[in-house]
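A structural walkthrough
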There are 2 protein chains.
Amino acid sequence: MSTEYKAKTRLYLASDLAAGRDIPLNKDQAHYLRNVLRADTGAKIHVFNGRDGEYVAEFDGKTSIVTGTQTESQKSDLDVWVLFAPVKKDQTDFILQKCTELGASVLQPVFTDYTNTERFNIERAAANVIEASQQSRRLTVPAVKQADSLKNILAAWPKDRALIFCDEMRTSPPLPKILADMQGQKPAFLSGPEGGFSAKERDYLNSLPFVKSANLGPRVLRAETAAMTGLAVYGAIYGDWK
Amino acid sequence: MSTEYKAKTRLYLASDLAAGRDIPLNKDQAHYLRNVLRADTGAKIHVFNGRDGEYVAEFDGKTSIVTGTQTESQKSDLDVWVLFAPVKKDQTDFILQKCTELGASVLQPVFTDYTNTERFNIERAAANVIEASQQSRRLTVPAVKQADSLKNILAAWPKDRALIFCDEMRTSPPLPKILADMQGQKPAFLSGPEGGFSAKERDYLNSLPFVKSANLGPRVLRAETAAMTGLAVYGAIYGDWK
């Protein structure tokens, strides 16, 4: 990333991006620029769509922007999934926001035996991850999946991906060792609800060849801390921190 | 840590601990057990004081506990400090809670040029870190220091500790490299306010021999994410995750 001046405002757009395009904003985006930021005609923002890199753009003061030059070329993303049991609203928002900042590519809500919520608001979640992507200068937005049961998700699990089970079990190897032993498998992290996993879930998870149970240290991490901690460690050692 | 059954409730006490002691609870603790948890006479809890390990104890149903056997011997802690600019109340709470879960030994609030709060409520912070220590099964409680200016803190900086500056500068080496090159120096992490550091602060920090500027990846982490991310990576690679 260059160290040149960056406009603070970034917007995620669905449109294809190239220099010199006149692109209509949706109602919320136009309202945000005009009424929340009080952006004038000619105000500079950055725009990205997850495919074409980042462009600088000029606001027309009403409902469109005009793109200027490309400020970042598209980069390939981390390929790391996060599976998490929805918790209370604020903590779920927190998981979505922090995992977006830390580079998760897929966010998969999972209903487990002790999940104490029956619902997952995917529209709210999608808005959250777009906001976090805009702020964190990601060039992509993570995919938020429909919530599903742990059983269904495990039944359809892809062969080339390891599921790292962030468990409180003190007998599991530490996460850096698990990551070192993955032999080219892609990672996914699984964090449970506040009450943890049931004994039945635990046994089933540990019986699956693609599941690796990992120790995240001697302190018990809260549900919303575990996934992001795994992601931070993965990003630092094997990710794009260079 | 043993895998035996653990009582869910843990209390941090100031008193010295040994088997068979009758220890008075303070008013808040007695209220919590009796009225919040509705704990009966004979209810089992765990207690720790940061010095004597953890003991199981029995509630007398009123205002005292009687300690039984030791359930964990005292372990030495991570020796890692976190310096952070106070942000909004919820985010400051979050920094305190997550950094406690992840093993910080000292939490030092720092007023910087762009810190947008003049106050730091040390009583509230101390209650927060005690609660997080109780829940995360730490055997210690991190020390919360009085807030002070960055200038004063840097002027009194100890020679044997590196200050890792979690900056957005893309030219700094990645954190794992900084940690690998520390040659036995102890770490401290510094994270700024929402607006980042001023150019003057940045120049001054970079002129100091004990300051190491670190890259925490290509995505811009929020103020409250940066410190805990550094701590997670340090804990995983050099800490007590074994």
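This is a predicted model, so every value here is computed, not measured. (Residues numbered from 1 in each chain as written. Chains lettered and ligands numbered in written order. Predicted model: local features only at pLDDT ≥ 70, side-chain atom pairs only at ≥ 80, totals over all residues. Heavy atoms only, no water.)

1. Focus on the overall build of chain A
Rule in force here: Put simply, DSSP marks the helices as runs of H or I at least four residues long and the strands as runs of E at least two long, and each gets a number from the N terminus on. Using a 1.4 Å probe on the protein chains alone, a residue whose accessible area is under 20% of its type maximum counts as buried, one over 50% counts as exposed, and one in between counts as partly exposed. Note on definitions: a residue-residue contact is assigned when non-hydrogen atoms from the two residues lie within 4.5 Å.
Tallying secondary structure elements over chain A gives 7 helices and 12 strands in all. Overall size of chain A, expressed as C-alpha extent along the three principal axes, is 60 × 35 × 30 Å. Relative to its full complement of 242 residues, chain A shows a buried share of 55%. Sequence-distant contacts, at least 24 apart, represent 73% of the contacts inside chain A between residues at least 6 apart.

2. Some points on the packing of helix H2 (residues 89-101) of chain B against helix H7 (residues 223-238) of chain B
Residues and elements named next belong to chain B. Cut-off, in case you're wondering: Axis definition: a line fitted to C-alpha atoms, over the contacting stretch in the case of helices. Angles run 0 to 180 degrees between N-to-C directions. Comment on the angle field: the value is read as roughly parallel under 35 degrees, roughly antiparallel over 145, roughly perpendicular from 65 to 115, and oblique elsewhere. Charged means Asp, Glu, Lys or Arg here, nonpolar means Ala, Val, Leu, Ile, Met, Phe, Trp, Tyr, Cys or Pro, and polar covers whatever is left, Gly included.
Orientation of H2 relative to H7, taken along the N-to-C sense of each, is 5°, at an axis distance of 9 Å. Classified by the interaxial angle, the pair formed by H2 and H7 is roughly parallel. Between H2 and H7, the residues in contact are Gln91, Phe94, Ile95, Lys98 and Cys99 and Glu224, Ala227, Met228 and Leu231, respectively. Residue composition of the contact of H2 with H7, by class: 6 nonpolar, 1 polar and 2 charged.

3. Let's talk about H2 of chain B
Heads up, the rule is: Given a helix with a known number of residues, its expected span is that number minus one, times 1.5 Å.
Its 13 residues give H2 of chain B an end-to-end C-alpha distance of 18 Å, which sits within 8% of 18 Å, the value for a rise of 1.5 Å per residue. Most of H2 of chain B is tucked away: 10 of the 13 residues are buried. Listed as buried for H2 of chain B are Gln91, Thr92, Asp93, Phe94, Ile95, Leu96, Lys98, Cys99, Thr100 and Glu101 of chain B. Summarising the contacts, the buried residues of H2 of chain B are in contact with helix H2 (89-101) and helix H7 (223-238) of chain A together with strand E6 (81-84), strand E7 (106-111), helix H3 (122-136) and H7 of chain B. One or two steps after H2 of chain B, the chain reaches glycine 103 of chain B, where phi turns positive at roughly 100°.

4. So, the sheet that holds strand E3 (residues 44-48) of chain A
Working definition: the strands of a sheet are paired by backbone hydrogen bonds and lie parallel or antiparallel to each other. All names here are of chain A. Formally: Any two strands are treated as partners once DSSP identifies two or more bridges connecting them.
With respect to topology, 5 strands assemble into an open sheet ordered E1-E3-E4-E5-E2, the strand pairing being mixed. Each edge of the sheet is formed by a strand with only one pairing partner; in this case those strands are strand E1 (10-12) and strand E2 (22-24). For this sheet, the mean angle separating the axes of adjacent strands, direction not counted, is 40°. Bridging between E3 and strand E4 (residues 54-59) involves 5 bridges; their strand directions are antiparallel. Bridge assignment links valine 47 to a residue of E4, and that residue is tyrosine 55. Along the sheet, helix H1 (residues 27-36) contacts E1, E3 and E4; its crossing angle with E1, the most-contacted strand, is approximately 170°.

5. Observations regarding the domain arrangement of chain A
All names here are of chain A. How we decide: These domain boundaries are the output of an automatic or database domain assignment. Here the quantity called buried area is the accessible surface, traced with a 1.4 Å probe, that two parts lose on coming together, added over both.
Partitioning chain A into structural domains gives domain 1 (10-72) and domain 2 (81-238). On a C-alpha basis, the centroid separation for the pair domain 1 and domain 2 is 33 Å. The interface of domain 1 with domain 2 comprises 9 residues on the first partner and 8 residues on the second. Here domain 1 and domain 2 share an interface that buries about 760 Å² over both sides, 60% of which is from carbon and sulfur atoms. It is Arg10, Tyr12 and Phe48 in domain 1 that bury the most area against domain 2; as a group they hold 67% of the surface buried on that side.

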